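Residue-level structural notes
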Amino acid sequence: MKTLNVLATLFALVCCSHLVADDDVPSAEEIEALMMELGTPGEEHERLQNMVGHWDCEINMYPMGVEEPIVSEGHSDFEMILDGRFLVQDFEGEMAGMKFSGHGMNGYDRAQEKYVGVWSDSYSTGMMHTEGTFDAETGVMTEMGKMAIPGGEMNMKMETRELSDDQFHFTMYMGGPDGSYTKHLEITYTRAEE
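Definitions and cut-offs
- Every chain is numbered independently, its residues counted from 1 as its sequence is written.
- Predicted model: local features are reported for residues with pLDDT of at least 70 only, side-chain atom pairs are reported and counted for 80 or more only, and whole-chain, interface and lining totals are derived from all residues.
- Where side-chain values are given, they derive from all heavy atoms of the structure, hydrogens and water being excluded.
- Only buried residues count toward a nonpolar core, which is a set of Ala, Val, Leu, Ile, Met, Phe, Trp, Tyr and Cys residues joined through side-chain atoms within 4.5 Å.
- Accessible area is worked out with a 1.4 Å probe on protein chains only. A residue is then buried under 20% of its type maximum, exposed over 50%, and partly exposed in between.
- Segments assigned H or I by DSSP are reported as helices when at least four residues long, segments assigned E as strands when at least two residues long, and all are numbered from the N terminus.
- Residues count as neighbours in contact if any of their non-hydrogen atoms are within 4.5 Å of one another.
- Note on pairing: two strands pair once DSSP finds at least 2 bridges between them.
- By definition here, a salt bridge exists when the distance from a side-chain nitrogen of Lys or Arg to a carboxyl oxygen of Asp or Glu is within 4 Å.

Formed by 26 residues in total, the largest nonpolar core has its most connected members in Phe-91, Met-95, Leu-185, Ile-187 and Tyr-189. For this core, the secondary-structure elements that each account for two or more residues are strand S1 (53-61), strand S2 (70-81), strand S3 (86-95), strand S4 (98-109), strand S8 (152-164), strand S9 (167-175) and strand S10 (181-191). What Phe-91 contacts, discounting residues up to four positions off in sequence, is Cys-57, Ile-59, His-75, Ser-76, Phe-100, Ser-101, Gly-102, Trp-119, Ile-187 and Tyr-189.

Attention shifts here to the environment of Val-140. With respect to the secondary-structure elements, Val-140 resides in strand S7 (residues 140-149). Separated by 20 residues in the primary sequence, Val-140 and Thr-160 have C-alpha atoms spaced 5.5 Å apart.

The subject of this paragraph is the pairing of S3. As judged from the eight bridges shared by S2 and S3, these two strands associate in the antiparallel manner. Note on S3: the bridge partner recorded for His-75 is Glu-92. In textbook terms, the turn of a hairpin is the stretch between consecutive antiparallel strands, and for S2 and S3 this stretch comprises four residues, one of which, Leu-82, has a positive phi near 50°. Two strands pair when backbone bridges link them, and S3 and S4 are joined in this way by 10 bridges, in the antiparallel orientation. When the sheet's bridge partners are listed, Glu-94 is paired in S4 with Lys-99. Connecting the antiparallel pair S3 and S4 is a turn made up of two residues, with Ala-96 showing a positive phi of about 55°.

Once that is clear, we can look at the pattern of salt bridges. The tally for this structure, following the rule as stated, stands at three salt bridges. A salt bridge links Lys-183 to Glu-186; its shortest N-O distance comes to 3.5 Å. On the accessibility criterion, Lys-183 (32% relative accessible area) is partly exposed.

Listed below in structure tokens is the structure:
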């Protein structure tokens, strides 16, 4: 454990050395205290904790060129891991008549002061990385990410809106070459009865 602490301190000193003047280098104790603070879950992690549980999902998918959504159902399980640092989602359902499975992990990076996440699913061999913010006034978390597509990348925007302790709404938008976004997917999560 002591070796791990020493390595973490040295790593932090190297990473932080460019942020301060030569005569204002923090002590090893200050660096270790900062690393401990940044590694401890905070109120942002408590917000993620509210999503833990089993959820029934109503899915509305909007394929390009289709005006009416394709409606289907699914279910999702959320759990916190690593002592409350990350929220993991496992999703099972159907989209556009095909079986769909997805796995995501979200957290709040206190060093970057932003929500971070990763998503992978049965429709792709890639992983989407996201970064986002939460607006306490509107109850909306907005995440931005990129998805690899043939010939490049597509910008993605996701919004998660708190409706109540037992319901939230997820919307995914696909980015166009002109910087606009088109709604692609909506999922209403309702807490499943035990």
